Amino acid sequence: MKEETIRKKRKRLIFRTAMLAVMVGLVVFALVANGKDEQSVIAKGEKAPDFQLKKFGTDETVQLSDLRGKGVMVNFWATYCKPCKDEMPYMEELYPEYKEKGVEILAVNLDSTELVVENFVNEYNLTFPILQDKNGEVMDLYNIGPIPSTLFINPEGEIEEQVIGPLTLDKLEGHLQDIAPEE
């Protein structure tokens, strides 16, 4: 009987110690997460922060500052995001026309598996640049929350608009017209 009581007390002690360790871990996490400098929210009219990302399937990189003078649409997406999948055909449909007008579409992918993205690009026959943000650095730089999220940047490098959620064909075309360079 005495051994059973000791065993129960030992189990209780182990359980309480484990719970305490978990709670301490959560408190430390909360303090560290809140202690970081708050990132400024990217707002309309602000200069778009520069970034450089690798294109999927190549060693080629794209740097935002190299596109100065063009309108740029930056779309944050992932293959597991249904609304992202829904808007991709619209972007592909408008890309050739707006590329000629001086507008570049950059799709910043947040997946970590290259094969999944490669299959997606092939399935949808995407021709605009698909950029790889494996570590989410650019996503963090732009303070992106829900996806899809899209930024429209004018030829001067300033943010014209940020759209959170999927775009319809008409809305997408309207935003692309707004950022097209003057002829």
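1. Things to note about the side chain of N109
Turning to its location among the elements, N109 is positioned in strand β4 (residues 103-109). Judged by relative accessible area, which is 0%, N109 ranks as buried. There is a polar contact of 2.7 Å between the side chain of N109 and the backbone nitrogen of D111. Every residue in contact with N109, bar those within four places of it in the chain, is listed here: F56, W77, A78, T79, V117, I130, L131, Q132 and D133.

2. Describing the sheet that holds strand β5 (residues 130-132)
Taken in spatial order, the seven strands make up an open sheet running β2-β1-β5-β4-β3-β6-β7, and their pairing is mixed. Looking at which strands have only one partner, the edges of the open sheet turn out to be β2 (61-63) and β7 (159-164). The mean inter-strand angle of the sheet, taken between neighbouring strand axes irrespective of direction, is 30°. Sheet analysis places strand β1 (residues 52-55) next to β5, joined by two bridges and oriented antiparallel. When the sheet's bridge partners are listed, K54 is paired in β5 with Q132. Across the sheet, helix α2 (residues 82-100) lies against β3 (71-77), β4 and β6 (149-153), angled at about 155° from β4, the strand it touches most.

3. As for the pairing of β3
Counted residue by residue, β3 has seven buried out of seven residues, so it is predominantly covered. The two faces of β3 match: G71, M73, N75 and W77 on one face and V72, V74 and F76 on the other face are all buried. Where β3 meets β4, seven bridges bridge the pair, whose relative direction is parallel. Residue pairing across strands places V72 opposite E104, the latter belonging to β4. With α2 bridging β3 and its parallel neighbour β4, the resulting β-α-β unit is right-handed. Pairing geometry for β3 and β6, over five bridges, is antiparallel. Each bridged residue has a counterpart across the sheet, and for M73 the counterpart in β6 is F152.

4. Structural notes on the state of the cysteines
In the structure shown here, the tally under the stated rule is one disulfide. Paired through a disulfide, C81 and C84 show a sulfur-sulfur distance of 2.3 Å. One quick way to see it: the torsion about the S-S bond of C81 and C84 is about 80°, and its sign makes the bridge right-handed. Of the two residues, C81 and C84, both sit in the buried class.

5. Notes on helix α5 (residues 169-179)
Among the residues of α5, L172, H175, L176 and I179 are the ones counted as buried. One side of α5 carries all its buried residues, which in axial view fall inside an arc of 100°. Relative to its buried face, α5 has exposed residues pointing more than 90 degrees away, namely D170 and D178. Close packing links the buried residues of α5 with β3, α2, β4, β6 and β7.

Rules of the game
- Residues numbered from 1 in each chain as written.
- Predicted model: local features only at pLDDT ≥ 70, side-chain atom pairs only at ≥ 80, totals over all residues.
- Heavy atoms only, no water.
- Helix = DSSP H or I, 4+ residues; strand = E, 2+ residues; numbered from the N terminus.
- Buried < 20%, exposed > 50% of the residue type's maximum accessible area, 1.4 Å probe, protein only.
- Polar contact = N/O pair within 3.5 Å; in protein donor to acceptor, adjacent residues only side chain to side chain.
- Contact = heavy atoms within 4.5 Å.
- Pairing = 2+ DSSP bridges.
- Axes fitted to C-alpha atoms, helices over the stretch in contact; angles between N-to-C directions.
- Right-handed = clockwise from strand over helix to strand, strands pointing away.
- Disulfide = S-S within 2.5 Å.
- Arc of directions from axis to C-beta.

So yeah, pure geometry; function would need other evidence.
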